[in-house]
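# Topology and contacts: notes
This is what each chain is made of:
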Protein chains: 4
Amino acid sequence: MLTLGSHAGVILEMMRATSSATVEGSDLKASDQPLAGRYRAVRGQSVALAQPLSAEDALLQSMSDASPAKWHLAHTTWFFERFVLAARPGYVPVNAAWDLLFNSYYNSVGPFHARPDRGLLSRPSLAEVMAYRAQVDERMGRRLDADDLDDAAMQVLLLGTHHEQQHQELLLTDIKHAFWCNPLGPAYRSDLAHCVGEGSKVRWLAQPEAIVEIGLPAWPQSPRFAYDNESPRHRVLVPAHALAHRPVSNGDYAAFVDDGGYRDASLWLSDGWSLSQSQNWQRPLYWHDDGTREFTLAGWRERDPHAPVCHLSYYEADAFARWAGARLPTEFEWECAAASAPIGGNLLSGDALHPQAAARSGVDMGQLFGDVWEWTTSSYTAYPGFQPLPGSLGEYNGKFMSGQNILRGGSCVTPPGHVRASYRNFFPPPARWQFSGLRLAKDIP
Amino acid sequence: MLTLGSHAGVILEMMRATSSATVEGSDLKASDQPLAGRYRAVRGQSVALAQPLSAEDALLQSMSDASPAKWHLAHTTWFFERFVLAARPGYVPVNAAWDLLFNSYYNSVGPFHARPDRGLLSRPSLAEVMAYRAQVDERMGRRLDADDLDDAAMQVLLLGTHHEQQHQELLLTDIKHAFWCNPLGPAYRSDLAHCVGEGSKVRWLAQPEAIVEIGLPAWPQSPRFAYDNESPRHRVLVPAHALAHRPVSNGDYAAFVDDGGYRDASLWLSDGWSLSQSQNWQRPLYWHDDGTREFTLAGWRERDPHAPVCHLSYYEADAFARWAGARLPTEFEWECAAASAPIGGNLLSGDALHPQAAARSGVDMGQLFGDVWEWTTSSYTAYPGFQPLPGSLGEYNGKFMSGQNILRGGSCVTPPGHVRASYRNFFPPPARWQFSGLRLAKDIP
Amino acid sequence: MLTLGSHAGVILEMMRATSSATVEGSDLKASDQPLAGRYRAVRGQSVALAQPLSAEDALLQSMSDASPAKWHLAHTTWFFERFVLAARPGYVPVNAAWDLLFNSYYNSVGPFHARPDRGLLSRPSLAEVMAYRAQVDERMGRRLDADDLDDAAMQVLLLGTHHEQQHQELLLTDIKHAFWCNPLGPAYRSDLAHCVGEGSKVRWLAQPEAIVEIGLPAWPQSPRFAYDNESPRHRVLVPAHALAHRPVSNGDYAAFVDDGGYRDASLWLSDGWSLSQSQNWQRPLYWHDDGTREFTLAGWRERDPHAPVCHLSYYEADAFARWAGARLPTEFEWECAAASAPIGGNLLSGDALHPQAAARSGVDMGQLFGDVWEWTTSSYTAYPGFQPLPGSLGEYNGKFMSGQNILRGGSCVTPPGHVRASYRNFFPPPARWQFSGLRLAKDIP
Amino acid sequence: MLTLGSHAGVILEMMRATSSATVEGSDLKASDQPLAGRYRAVRGQSVALAQPLSAEDALLQSMSDASPAKWHLAHTTWFFERFVLAARPGYVPVNAAWDLLFNSYYNSVGPFHARPDRGLLSRPSLAEVMAYRAQVDERMGRRLDADDLDDAAMQVLLLGTHHEQQHQELLLTDIKHAFWCNPLGPAYRSDLAHCVGEGSKVRWLAQPEAIVEIGLPAWPQSPRFAYDNESPRHRVLVPAHALAHRPVSNGDYAAFVDDGGYRDASLWLSDGWSLSQSQNWQRPLYWHDDGTREFTLAGWRERDPHAPVCHLSYYEADAFARWAGARLPTEFEWECAAASAPIGGNLLSGDALHPQAAARSGVDMGQLFGDVWEWTTSSYTAYPGFQPLPGSLGEYNGKFMSGQNILRGGSCVTPPGHVRASYRNFFPPPARWQFSGLRLAKDIP
């Protein structure tokens with residue numbers, strides 16, 4: 001372990017800083033103290049998240065979709081170095097040979113190391129990567145302190161903090177998967193609270209047909225940060241429908257399992273049925289076959305029947321909805337419901353690192369943000385008039401617009417200040433290792 | 001070969017019958033002579049399409065996505081036997097052991113032979129399959145003549161004719177692929193006319209933002225036939241946009257190839273780039289590397305630069321559009337343009353069996369129907385309020401609603417009377433062996 | 001079917017001719033009537049073997065290790081055309097484009113069509129291939145009649161007849177596999193006799209340590225035909241050992257299955273255990289899971305407990321031997337026993353096309369030839385002083401000397417006149433679709 | 001790094017101890033001080049070999065054939081714990097959950113963790129594994145000191161030291177491969193001497209036909225240690241032949257590469273050619289494409305043309321031999337030559353960790369031991385009368401007797417006291433990551 005003492009406290013403190021900084025994230029002058037603060041808070045948070053991990057843990061790559069924690073720590077640093085610092089002519093990189101290693105997928109920047117081989121990089125060591133982080137932070141700090149970043153640089157800087165927050169979530173989902181692969185079932189943290197909540201019967205909240213504004217105006221032309229794929233803000237005709245007031249729970253899902261949901265082809269999409277058969281799916285990814293436990297970032301724990309079910313593929317979410325006589329929502333239906341909801345709930349800052357039942361069951365739409373990403377039937381495509389960011393950063397989002405479905409709302413490991421009503425997460429239908437669950441929707445004739 | 005004489009004449013005659021029958025396809029009483037006529041015409045057309053094939057040709061399965069011609073001939077017959085004839089208690093099937101072989105994917109009906117192994121069925125022979133067709137036709141004929149089919153049966157009968165028309169197109173795309181795999185490059189028919197047309201500069205036809213009615217009311221509650229996936233008819237807000245007045249031509253596409261389009265990652269979706277690299281794509285599937293010829297149902301022929309380009313994957317269509325500074329249309333934009341267009345053009349009845357340049361270049365939107373299926377950015381999902389057909393036939397369409405993109409408009413091998421403005425074809429983005437091309441779209445700010 | 005009438009009679013007649021011709025196979029002057037007779041007999045036998053097959057059957061390729069019957073018929077013809085007829089300058093081939101299709105693996109002759117794609121060649125048709133056979137036979141006949149073949153040509157001609165005999169066996173093993181893949185389980189011939197024999201307790205015949213002569217002198221320097229891999233004749237020290245007087249029977253093997261042989265890792269080679277687990281082997285390839293039937297060239301039939309077990313991989317043969325407290329023999333031990341045995345038994349000419357229990361159980365070593373190929377522990381490598389044939393025909397055998405084990409003795413589908421005591425057949429350890437069985441051996445301390 | 005200071009010195013000291021202990025390895029009474037010494041020396045040597053590795057390095061698994069260094073350290077320890085300590089009833093293991101993780105392939109002992117997933121075990125940590133080593137050593141030490149091990153235990157103890165020595169070599173070949181996968185090309189040790197030797201023209205040493213004694217009498221019935229696969233000692237008739245007086249050098253092999261050896265199918269075994277084409281082999285595994293450098297345990301270094309070529313697959317060794325007009329030797333020819341040669345040369349104790357040219361070129365057979373393992377044409381099978389060790393340890397060797405070829409003589413990373421004239425190493429023909437080279441042989445007519 002790289003650290004002693006209570007990292008939980010450090011994380012919480014970091015998050016408070018990050019969260020408040022975000023609110024002000026729209027003012028991008030070089031003298032922008034909130035942005036500098038946000039940068040430092042986000043950077044510190046990554047370090048805090050890595051604290052429970054040994055150098056060995058940080059090297060684990062359990063499948064080609066996942067990356068080692070060390071790589072996340074290095075790549076997010078490289079992002080700032082390459083796109084902010086190195087944008088200035090004459091910049092001498094900390095280690096030019098690392099471009100190849102820590103470039104993720106930016107073809108326009110140069111070649112990159114094959115993703116499935118990231119787990120083979122024992123060198124540079126975790127200590128070297130942490131030193132790399134410190135060096136880049138020091139260089140960035142000097143530029144920030146000297147007010148020596150132009151508008152373009154400040155924009156990339158802000159983008160980089162959001163980018164790093166995405167990787168914070170991935171760091172946690174990836175290490176969870178890696179630990180689950182170890183027959184010893186180690187815990188990422190054994191000090192996590194284990195809350196058990198109360199359940200509630202699903203209530204359906206109806207919405208008449210309406211033309212709604214979806215997305216946000218393009219950043220940075222418009223001051224409020226959003227990824228390019230959330231723009232432009234545009235009008236969509238959303239049909240009459242109803243949404244469940246809460247996500248599907250473990251208990252709901254267990255009834256589907258017990259009813260033979262995994263053995264009834266008529267409930268499944270054809271691709272999903274093929275995959276579930278070939279991989280012998282019987283239950284959600286991290287449910288134990290003892291019927292009561294599930295794997296969490298605190299190791300194996302009792303499953304709370306009232307907490308939102310998670311680690312479902314799109315196929316499982318869709319099959320459950322069909323079994324329940326309902327369907328998944330579209331991303332527009334979801335955004336419609338979330339547009340006026342306060343952003344909050346069980347996010348990373350709650351330090352539960354696991355979905356939880358709502359503390360109290362209100363009469364309104366609940367748990368839109370946090371707990372679990374909610375699968376939608378919307379495939380990930382461009383909004384009308386979509387323009388990718390110029391230059392290399394145009395590769396950030398747009399080139400992934402095929403074969404993926406949209407998930408909305410953030411999860412229990414999404415950093416606060418990162419998610420918003422217009423935020424579009426996306427994964428291929430087979431993906432199960434994210435904190436992905438669902439909320440039911442219904443047509444209203 | 002199973003036949004002597006001029007099959008081309010037979011095909012044309014069949015098609016005339018089919019096409020006219022279709023117009024009346026909405027009246028479904030048992031005494032419905034148009035439906036009986038349509039049945040006979042469609043059935044005869046399949047036989048005519050098989051005539052140029054030897055028993056050996058009819059057994060070819062060149063990849064797991066394709067099926068042998070013999071299997072298409074048998075499966076379409078089985079569809080009528082299983083869902084119309086066998087719906088009556090006590091029915092004795094022609095050969096009960098064939099249920100396993102000719103069921104395609106209806107889990108609710110029973111187990112089915114693995115799709116990739118269809119090419120291993122030398123038995124039953126082609127002659128036996130043709131006899132099977134005759135037997136089922138004879139039994140169907142007796143029921144039709146005796147006015148002995150209730151409403152439900154008549155509906156399935158009508159559905160079955162559309163189903164068989166889909167397989168007629170697949171029979172041709174599949175045999176084209178199989179012949180292309182043979183180094184001798186045999187022709188399906190060597191008597192096909194080889195037309196060379198005139199080109200035209202692309203004109204953009206603009207459309208302001210509008211709420212449009214998409215799809216058709218659900219059949220059979222509503223009398224006009226449509227697949228369940230085209231329903232319900234519903235309102236969609238289509239943003240302002242422009243569409244090209246014609247599909248992209250071979251000449252247009254050759255410019256993309258010559259400009260290094262297949263070597264520039266920045267033009268491609270990430271999945272498309274990976275696939276094109278791993279499979280070493282350099283040009284459309286059937287283009288010869290001599291730069292001038294392409295493989296057709298008449299064998300290797302000179303490429304007409306003015307004819308619509310075809311046999312593109314979604315990835316190639318998308319990359320071309322990006323290179324051209326445009327984009328692919330949504331399925332709603334396409335349907336909007338097609339709603340008022342007459343259905344016609346270079347369809348199967350034209351007996352060209354290959355896309356052709358428009359005979360004359362009008363000022364209006366052209367070639368919406370026929371020639372090539374046009375890729376859209378819309379993924380294949382349910383319309384709001386979608387209800388699959390009841391029973392086994394609910395497996396026809398709905399269970400494929402993931403991982404596929406919509407194509408619109410029909411091709412040069414689509415039977416007339418099959419396609420319509422609301423028709424939704426769908427294939428996965430990597431698919432190249434269909435007659436798939438594209439039409440460009442543009443945002444209008 | 002290409003023929004009417006009783007093909008069985010034709011086959012038997014052909015075989016008689018072949019067999020007697022073989023005895024004289026060593027005299028290779030152009031006026032050599034026995035060789036001309038042998039050529040015609042072997043060629044006719046292939047045609048006879050193809051008679052029960054429709055053109056569709058003859059196109060089947062059920063796995064990449066197997067080839068369509070049509071391809072066997074064409075390739076063996078091409079062998080004579082390419083290596084005998086085309087050796088003369090100015091020769092005009094029947095169809096130059098077929099070189100690519102019917103070359104199997106001779107890199108030195110030119111490129112060849114990928115083996116797994118042989119089943120995609122509906123053209124040339126079976127009828128064209130039969131015509132090709134006739135044309136080449138006619139050209140060969142003219143050369144033979146005119147005494148117009150030099151020594152080298154006569155040697156290749158003789159080699160070609162042995163080559164074709166190998167493919168006769170493969171034609172049968174390959175069509176058996178293809179028919180087994182068809183859920184209808186068609187029979188290659190339904191007129192095959194179904195003999196049930198008597199069993200015998202295994203007797204062990206001991207052999208003291210001895211230096212023995214193994215193999216044959218190199219042909220054609222030495223007049224008696226042998227493949228290059230059987231030479232040179234050389235001395236081997238064979239240790240004291242004992243061999244079972246008969247092959248392992250179905251009944252013997254069923255006891256192994258019933259005793260959990262397929263579930264006990266300790267009986268298996270490591271590679272065999274992995275393969276059997278991953279492919280879920282529970283019994284020999286063609287045994288039905290009803291416990292009593294097996295698939296034969298006559299379709300599904302009752303298993304005779306006294307007949308030699310066959311269609312075993314090396315791994316299964318080895319595991320059985322270990323379970324039985326014995327081992328497999330080396331190829332030298334086998335040859336030692338066979339050196340003085342008469343060549344005969346249940347070969348192709350017996351027209352059983354399936355292993356049979358010995359008619360009567362003698363006191364001597366039995367069934368060395370025919371019934372089943374017997375796996376040995378000897379891997380396929382060169383004898384000391386081995387020289388491959390010169391030129392392209394050097395590719396015939398030598399380049400396969402890795403990763404394969406030797407089988408000895410011929411099977412029930414090996415043409416008479418083809419096998420001999422020194423004959424070395426070879427297949428990789430996982431191969432199961434040949435008529436492969438085993439005979440037990442034991443060390444004598 | 002787990003240690004400071006000069007590990008090289010430690011290694012050398014350990015090796016001296018190991019080497020001398022080995023000489024006395026045959027006396028197995030509990031009071032056997034040489035065996036206790038040998039145990040301690042071998043155990044210490046493993047620790048010394050791990051010293052240059054960080055915990056991250058020790059977790060690397062670059063392919064499924066290789067294992068992490070940490071796993072080698074743990075598994076060799078588990079071997080002693082499980083087969084020596086736990087043989088006594090009532091033994092309480094250090095950690096019972098580790099049985100699953102550190103059992104390699106002993107089915108008879110219980111289930112084992114999948115080999116390709118060994119790199120996912122960040123826990124137990126390297127520090128825990130080192131502590132495990134210390135605990136087991138302490139327990140073993142107490143048993144040794146108290147003279148509390150019976151004959152059987154002493155035998156397994158001796159076997160365990162040889163087992164650990166095998167893993168010492170694998171630890172080095174595996175880490176070499178893993179470091180080579182890292183684009184930074186890190187060195188395992190940068191302090192290795194870089195010797196450049198003198199070349200010599202190959203001389204052929206002839207051997208007439210002879211009956212020779214091969215192998216060693218079975219241990220432990222016979223006092224001298226040998227693996228079960230080296231027994232029984234038996235007579236073999238070795239034909240007349242000649243062997244090259246030295247292994248093939250880098251310079252020799254470069255001539256083959258320059259002559260187009262990797263592009264000429266006629267030089268290759270069929271399987272080798274397929275593999276080399278599909279994997280695009282152009283040169284030995286670790287040769288740089290700059291033509292002059294190769295990857296070593298000291299990182300990238302200039303290639304010495306006179307040093308033995310290594311990291312060849314069997315296919316490459318065989319192709320080279322064919323190109324050179326020679327062949328590979330059999331294992332018997334090799335053993336015949338080595339029987340009277342002193343065991344010595346460039347072994348692990350030389351601390352070069354890379355093959356080297358002979359210091360001086362004598363007139364006799366040289367470099368039989370050390371430098372590179374020499375491929376032979378002999379496949380790995382049982383000697384006549386072979387008996388595996390009883391119980392679980394019977395799985396040590398026998399079950400791998402298929403699909404592998406024998407290599408002889410040890411390499412520059414083989415511990416002294418481990419290799420001998422009768423020693424049979426084995427790997428599948430495609431394996432390239434071992435220190436595998438070749439020595440040419442020739443038939444003598």
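Residues numbered from 1 in each chain as written. Chains lettered and ligands numbered in written order. Predicted model: local features only at pLDDT ≥ 70, side-chain atom pairs only at ≥ 80, totals over all residues. Heavy atoms only, no water.

## Notes on the overall build of chain A
The helix and strand tally for chain A stands at ten helices and eleven strands. In terms of C-alpha radius of gyration, chain A reaches 21 Å, essentially the compact-globule figure of 22 Å for 445 residues. For the C-alpha atoms alone, the extent of chain A along its principal axes is close to 65 × 50 × 40 Å. Split into buried and exposed, the 445 residues of chain A put 59% on the buried side. Within chain A, counting contacts between residues at least 6 apart in sequence, those at least 24 apart form 81% of the total. (Helix = DSSP H or I, 4+ residues; strand = E, 2+ residues; numbered from the N terminus. Rg over C-alpha atoms; globule rule 2.2 N^0.38 Å. Buried < 20%, exposed > 50% of the residue type's maximum accessible area, 1.4 Å probe, protein only. Contact = heavy atoms within 4.5 Å.)

## Details of helix H6 (residues 151–181) of chain B
Between the first and last C-alpha of H6 of chain B there are 45 Å, a value that for 31 residues agrees with the 45 Å anticipated at 1.5 Å per step. Judged by how many residues are buried, H6 of chain B sits mostly within the fold: 24 of 31 residues are covered. (Expected span 1.5 Å × (residues − 1).)

## Some points on the domain arrangement of chain A
All names here are of chain A. Looking at the assigned domains, one finds that chain A contains domain 1 (5–180) and domain 2 (204–443). Taken over C-alpha atoms, the centre of domain 1 sits 26 Å from the centre of domain 2. With 40 residues of domain 1 at the interface, the matching set in domain 2 holds 38 residues. Between domain 1 and domain 2, a total of about 3300 Å² is buried, with carbon and sulfur atoms accounting for 67% of that surface. When residues of domain 1 are sorted by the area they lose upon contact with domain 2, Glu169, Lys176 and Trp180 head the list and together hold 23% of the total. At the boundary of domain 1 and domain 2, one finds zero salt bridges. Viewed at the interface, domain 2 and domain 1 are joined by 19 residue pairs in polar contact (both at pLDDT 80 or more). At the level of secondary structure, the elements contributing two or more residues to the side of domain 1 that touches domain 2 comprise helix H1 (7–23), helix H2 (33–50), helix H3 (69–83) and helix H6 (151–181). (Domains from an automatic or database assignment. Buried area = accessible area lost by both parts, 1.4 Å probe. Salt bridge = Lys/Arg side-chain N within 4 Å of Asp/Glu carboxyl O. Polar contact = N/O pair within 3.5 Å; in protein donor to acceptor, adjacent residues only side chain to side chain.)

## Regarding the interface of chain B and chain C
The partner chain C presents 29 residues to the 29 residues of chain B that form the contact. Contact with chain C buries area across many residues of chain B, yet Glu56, Leu120 and Arg123 of chain B alone supply 34% of it, more than any other trio. Viewed at the interface, chain C and chain B are joined by four salt bridges. One salt bridge connects Glu56 of chain C with Lys70 of chain B, and the closest N-O pair in it is separated by 2.6 Å. Our enumeration of links across chain B and chain C arrives at ten residue pairs in polar contact (both at pLDDT 80 or more). For the side of chain B that touches chain C, the secondary structure elements donating two or more residues are helix H4 (98–102) and H6 of chain B. Counting residues per element, the side of chain B that touches chain C draws most heavily on H4 of chain B, at three residues.

## With respect to the relation of the copies chain D and chain A
Mapping chain D onto chain A calls for a rotation angle of 180 degrees and an axial translation of 0.0 Å; the resulting RMSD is 0.0 Å. On the angle and the small slide along the axis, the relation comes out as a two-fold axis. By C-alpha distance to the rotation axis, the residue of chain D lying nearest is Glu56 of chain D, at 2.5 Å. In this assembly, 100% of the residues forming the interface of chain D have copies in chain A that are likewise at the interface, indicating an isologous arrangement. (Least-squares fit on C-alpha atoms with pLDDT ≥ 70 in both.)

## Describing the sheet that holds strand S10 (residues 436–437) of chain D
Residues and elements named next belong to chain D. Spatially, S9-S8-S7-S10 is the arrangement adopted by the four strands of the open sheet, whose pairing is mixed. Sheet topology places strand S9 (425–427) and S10 at the edges, where each strand pairs with a single neighbour. Bridge analysis of strand S7 (residues 373–379) against S10 gives two bridges, and the strand direction is parallel. For Trp373, the partnering residue across the bridge sits in S10 and is Ser436. (Pairing = 2+ DSSP bridges.)

## Description of the pattern of salt bridges
Residue and element names in this part refer to chain B. Scanning all chains against the criterion turns up 100 salt bridges over all chains. Of the charged contacts in the structure, one is a salt bridge between Arg233 and Glu213, with a shortest N-O distance of 3.8 Å. Of this pair, Arg233 sits in the loop between strand S2 (210–214) and strand S3 (234–238) while Glu213 sits in strand S2; the two residues are 20 residues apart in sequence, bridging distant segments of the chain. When its relative accessible area of 39% is taken as the criterion, Glu213 is described as partly exposed.

## Let's talk about the sheet that holds strand S9 (residues 425–427) of chain B
Strand order in the open sheet formed by four strands is S9-S8-S7-S10 (chain B), and the pairing between neighbours is mixed. Edge positions in the sheet fall to S9 and strand S10 (436–437) of chain B, since each of these pairs with one other strand and no more.

## A short note on the packing of aromatic side chains
By the definition in use, this model includes 152 aromatic pairs over all chains. Between Phe332 of chain D and Tyr383 of chain D the ring centres are 6.3 Å apart and the planes differ by 40 degrees, which places this aromatic pair in the tilted class. Linking Phe332 of chain D in helix H10 (residues 331–338) with Tyr383 of chain D in the loop between S7 and strand S8 (405–408), this pair joins segments that are 51 residues apart in sequence. Its end group placed over the ring of Trp281 of chain A, Arg432 of chain A keeps NZ or CZ at 3.9 Å from the ring centre. (Phe/Tyr/Trp six-rings, centres within 6.5 Å; stacked < 30°, edge-to-face > 60°. Lys NZ or Arg CZ within 6 Å of the ring centre and 35° of its normal.)

## What to know about the side chain of Ser313 of chain D
In this fold, Ser313 of chain D is placed in the loop between strand S6 (299–302) and helix H9 (314–323). When sequence neighbours within four positions are dropped, the list of residues in contact with Ser313 of chain D reads Trp281, Trp375, Pro429, Pro430, Ala431 and Arg432 of chain D.

## Some thoughts on unusual backbone geometry
With omega at -5 degrees, the peptide bond leading from Arg123 of chain B into Pro124 of chain B counts as cis. Following the sequence through the fold, Pro124 of chain B ends up in the loop between H4 and helix H5 (126–145). Residue Pro232 of chain B follows Ser231 of chain B across a cis peptide bond; omega there is -5 degrees. Following the sequence through the fold, Pro232 of chain B ends up in the loop between S2 and S3. With a phi angle near 55 degrees, Asn280 of chain C is a residue other than glycine that sits in the positive phi range. Tracing the sequence through the fold places Asn280 of chain C in the loop between helix H8 (270–278) and strand S5 (293–296). Using a relative accessible area of 52% as the deciding quantity, one classes Asn280 of chain C as exposed. The phi angle at Leu353 of chain D is positive, at roughly 60 degrees, despite the residue not being glycine. When you line up the elements, Leu353 of chain D lands in the loop between H10 and S7.

## A closer look at the pairing of strand S7 (residues 373–379) of chain B
Residue and element names in this part refer to chain B. Across the seven residues that make up S7, a large majority, seven, are buried. Of the two faces of S7, both are covered, the one formed by Trp373, Trp375, Thr377 and Ser379 as well as the one formed by Glu374, Thr376 and Ser378. As paired elements, S7 and strand S8 (residues 405–408) share three bridges and run antiparallel to each other. Residue pairing in the sheet places Trp375 in a bridge with Leu407 of S8.

## Regarding the relation of the copies chain B and chain C
Of the two same-sequence chains, chain B is brought onto chain C (RMSD 0.0 Å, axial shift 0.1 Å) by a rotation of 180 degrees. Of the residues that chain B buries at the interface, 100% are likewise interface residues in chain C, meaning the two copies contact each other through the same surface.

## A few points about the interface of chain D and chain A
Across the boundary between the two partners, chain D contributes 29 residues, which contact 29 residues of chain A. Of the roughly 2200 Å² buried between chain D and chain A on both sides combined, carbon and sulfur atoms contribute 61%. If you sort the residues of chain D by the area they bury against chain A, Glu56, Leu120 and Arg123 of chain D come out on top, with a joint share of 34%. One can count four salt bridges joining chain D with chain A. Measuring nitrogen to oxygen at the nearest pair gives 2.7 Å for the salt bridge that ties Asp57 of chain D to Arg123 of chain A. For the interface between chain D and chain A, the tally reads ten residue pairs in polar contact (both at pLDDT 80 or more). Going through the elements one at a time, helix H4 (98–102) and helix H6 (151–181) of chain D are the ones with two or more residues in the side of chain D that touches chain A. Ranked by residues supplied to the side of chain D that touches chain A, first place goes to H4 of chain D with three residues.

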